[in-house]
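Listed below are the residues making up each chain.
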Amino acid sequence: MAAPSWRKILNDHEIIHNLRITNEHIATSLKIKNLIALHDGDIYIWNSYSACISTINLKFIADYKNSQTLLCSVPPLFKVEKILLNSTGTRILAYGSNGISAIELPRRWGKYNLCEGGKSSISCRTIPIGERFFASHSKVKLLHAAWHPGGESHSHIALLTSDCAFSLYDLNDAEVAEQYVTLSENGVSLDVSSSKTHFNTALGDQPVSFDFGSSISVQTNRNSKSRIDVWPVYVLWGNGNVFRLLISPKEKFQANFVGPLAMLPPAEDNYGTDACSIMCLDTQPPILVIATCEGNLYHCIVLPKDDCDTASEISWSISESNNTLWEPVVAECTLYVYEKIELELSLTTVTLESDDPVIDDYTCPVHLLKDKATTSRYHCHHNAGVHTVALPWTLNLEKISDKLDSVAAFDHTEEAIVEHLICTKPISSSDENPVVGLGIVSDTLLGTALICMTSTFQCITLPLVSLFKPTAPVLMSSAETKPRSSPKNRLYREPFDQHIQKILKRGTSNPIIKTSSKTDLQPQECFQLLSRATQVFREEYIHKQDLAREEIKRRVHILREQKKQQVNDVELCLQSKGELSNNAENLATKYDDIMYLQTALVSRVEDVIRKVQKKVPIVSDAEKGMYRELKAMEESMKHLKNSLEQIKTKRDCQRRMIKQSETTAKSPSISNPQSTQIKSLLKDEGSKICELIKNVKLLQSQADFAVPPV
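Residues numbered from 1 in each chain as written. Predicted model: local features only at pLDDT ≥ 70, side-chain atom pairs only at ≥ 80, totals over all residues. Heavy atoms only, no water.

Visitor: What is the right way to look at a positive patch on the surface in this model?
Guide: On the surface, a cluster of positive charge is contributed by Lys 648, Arg 651, Arg 655 and Lys 659. Within the secondary structure, Lys 659 is located in helix H10 (residues 621-662). (Patch = residues over 30% accessible without salt bridge, like charges linked within 9 Å, V, L, I, M, F, W, Y side chains within 5 Å. Areas by Shrake-Rupley, 256 points an atom, 1.4 Å probe, with all protein chains shown as cover. Salt bridge = Lys/Arg side-chain N within 4 Å of Asp/Glu carboxyl O. Lys, Arg positive; Asp, Glu negative; His and termini not counted. Charge placed at Lys NZ, Arg CZ, Asp CG, Glu CD. Helix = DSSP H or I, 4+ residues; strand = E, 2+ residues; numbered from the N terminus.)

Visitor: Help me out: how do you make sense of the pattern of salt bridges in this one?
Guide: Two side chains with opposite charge may pair up if their charged atoms get near one another. One pass over the full model with this rule turns up 12 salt bridges. For Arg 125, the salt bridge goes to Glu 104, with nearest N and O atoms at 3.2 Å. One end of the pair, Arg 125, is in the loop between strand S10 (121-124) and strand S11 (126-128); the other, Glu 104, is in strand S7 (residues 99-104), with 21 residues separating them in the sequence. Look at Glu 104 and you get partly exposed, because its relative accessible area is 23%. The shortest N-O distance in the salt bridge between Arg 610 and Asp 607 comes to 3.0 Å. Note that Arg 610 and Asp 607 are positioned in helix H9 (residues 523-614) at a spacing of 3 residues, about one turn of the helix. A single network of salt bridges, built from pairs that share partners, joins Asp 40, Lys 59 and Asp 443. (Buried < 20%, exposed > 50% of the residue type's maximum accessible area, 1.4 Å probe, protein only.)

Visitor: What is the right way to look at the sheet that holds strand S30 (residues 367-370) in this model?
Guide: Picture the strands of a sheet paired through backbone hydrogen bonds; they go either parallel or antiparallel. The sheet built from 5 strands is open, its strands ordered S30-S31-S32-S33-S37 with mixed pairing. Only two strands of the sheet have a single partner each, and these edge strands are S30 and strand S37 (512-513). Summarising the sheet, strand S33 (residues 417-423) and S37 pair through 2 bridges and their orientation is parallel. Bridge pairing in S37 places Ile 422 opposite Ile 512. (Pairing = 2+ DSSP bridges.)

Visitor: Can you walk me through the packing of aromatic side chains in this structure?
Guide: When we look at a pair of aromatic rings, we describe it by the centre distance and by the angle of the planes. Overall, the coordinates contain 7 aromatic pairs when judged by the stated rule. Ring geometry for Phe 133 and Phe 134: centres 5.4 Å apart, planes at 85 degrees, overall edge-to-face. Connected via pairs of aromatic rings, a cluster forms that spans Phe 60, Tyr 64 and Tyr 112. (Phe/Tyr/Trp six-rings, centres within 6.5 Å; stacked < 30°, edge-to-face > 60°.)

Rendered as structure tokens:
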């Protein structure tokens with residue numbers, strides 16, 4: 001089926017319809033959640049009322065009308081606020097502030113790629129994680145959880161709790177933490193009162209979020225050549241400080257907790273005092289995105305300090321308490337704040353009395369989500385809607401080395417592109433309609449789209465089309481050759497299409513407004529929203545399109561003038577071409593005549609030289625050598641002639657002897673004594689003949705040897 005058709009069907013599909021029916025009597029929570037997970041075209045949605053997961057494959061959503069329900073073998077007793085798939089798509093992590101569980105997904109097969117061949121309800125194995133810990137320490141809250149990117153089985157889970165602790169669990173033994181790191185120097189008591197916990201949270205003395213960076217390969221100890229991969233974890237505190245520690249699911253070691261990392265250039269408020277989430281983009285060098293509740297986003301480039309050569313410099317120390325544990329000490333890093341972005345949480349409206357914009361002071365936690373399609377784009381969702389942020393300057397990060405000087409010299413002209421896609425709280429008086437689910441679809445058949453679900457279970461699907469499009473990488477075959485640039489391209493430093501895109505670049509956009517069903521806007525408020533939308537369309541769309549049209553007209557006028565000049569130049573070139581053709585023809589005729597005369601002269605010169613050489617009285621060395629060779633050949637011929645005469649004489653003599661022996665007559669009758677006598681004589685003669693033959697052969701061989709070779 002066509003890729004865009006599933007976006008029209010999803011909101012009216014049975015899987016969304018059942019969620020509206022089963023959750024209509026539940027009080028709407030104003031806390032932001034993420035109850036959607038996507039993997040390879042499969043969508044998983046958590047049903048809070050039934051404590052189960054509804055799933056369907058988006059590729060066959062038009063053919064298969066029913067959804068499947070995945071039941072938990074151990075239903076969670078806590079409120080699930082977020083679900084998260086692992087990298088292999090085999091387990092789902094469901095957690096809230098009071099607990100966490102891992103759900104093993106069934107296999108898919110059969111028609112429409114359904115779970116267990118198409119059963120309507122499937123019981124899935126559910127593994128509670130740290131159940132005893134959360135049950136015995138009810139005051140400790142789970143702040144953030146994530147799958148560890150390393151590990152062969154993809155079964156390790158990292159937790160960040162309100163007691164300032166970072167722990168790593170393995171699903172093979174989910175009751176006890178495999179690794180436990182205290183993030184506070186003095187530690188936090190597990191029995192601390194809730195009022196003190198809230199007080200620390202208000203002051204920002206508590207971690208709020210974390211994210212994993214790219215792996216670093218280190219040695220297992222100082223003298224060993226074996227290496228393992230460790231992952232840096234960037235932990236964000238509420239006051240804006242960022243710490244880093246190393247963790248590995250394969251090797252146990254004493255975690256090295258470093259921080260707070262220095263942020264450059266320095267600021268009085270340390271770039272925000274109400275931080276809520278952090279995200280690490282998979283770039284080189286890494287980029288940290290820090291979000292605050294005021295809607296501010298900080299893009300920080302992770303670089304080593306000036307006194308360190310590389311970011312992966314490792315030193316080693318042994319723990320005094322346990323000599324079997326080794327501690328990798330990585331060089332400290334510095335966060336260079338490249339840019340700051342202010343999100344428009346609530347729409348800027350225009351009052352009726354004046355044209356001055358009125359900005360609502362609305363704050364809420366901002367959650368960050370990576371984009372599966374590209375590393376240069378990410379998404380933000382909060383109680384007031386969804387934003388998309390594209391970072392064009394990440395494509396030129398290879399120009400940045402490990403020194404801060406290279407960052408200062410980096411081109412800061414490219415700014416982030418922010419698009420306000422969905423707004424659920426247009427004005428401060430509107431009822432909140434928080435986003436409870438956000439996912440990214442990235443598939444060749446389904447395309448690239450964003451799925452957003454509000455608290456009223458309205459599912460919004462938008463294609464991810466941005467003004468920023470990454471350029472294709474240069475081919476290896478064309479990398480060595482430099483493209484030729486025309487005078488027009490040298491005149492304009494950037495392509496004309498990029499120039500038009502910069503003109504059409506919008507600083508503000510009109511999002512899709514999805515308010516709560518309880519919201520009742522006054523006519524004045526509706527007029528303010530209409531005025532705001534009209535102002536945005538006039539300034540960000542129509543005005544910029546007029547500028548682009550004028551620029552195109554000016555460019556067309558310039559190109560027409562250049563075309564006229566080029567046509568005149570072509571006519572002059574054609575005239576010059578005719579003249580050059582005639583001159584070339586005359587020159588070719590003269591060349592042929594000259595070549596004929598040159599050939600005749602060369603022939604005459606050769607004849608003269610040959611005749612002169614014949615008249616020279618002095619014999620040359622070649623002639624003398626030839627004369628000596630002829631004399632030697634003549635002497636050889638005489639010797640060969642004498643040898644031949646001797647051989648002929650010997651041959652005639654042998655022939656006469658043979659004839660004489662053949663003419664000897666035989667007697668007509670012979671007696672026995674005569675016969676015996678004759679036989680004895682013949683025997684003597686035979687022996688003599690043999691001797692003669694031997695002599696003849698000897699003479700013949702001597703004669704042959706005496707004859708010299710011709």
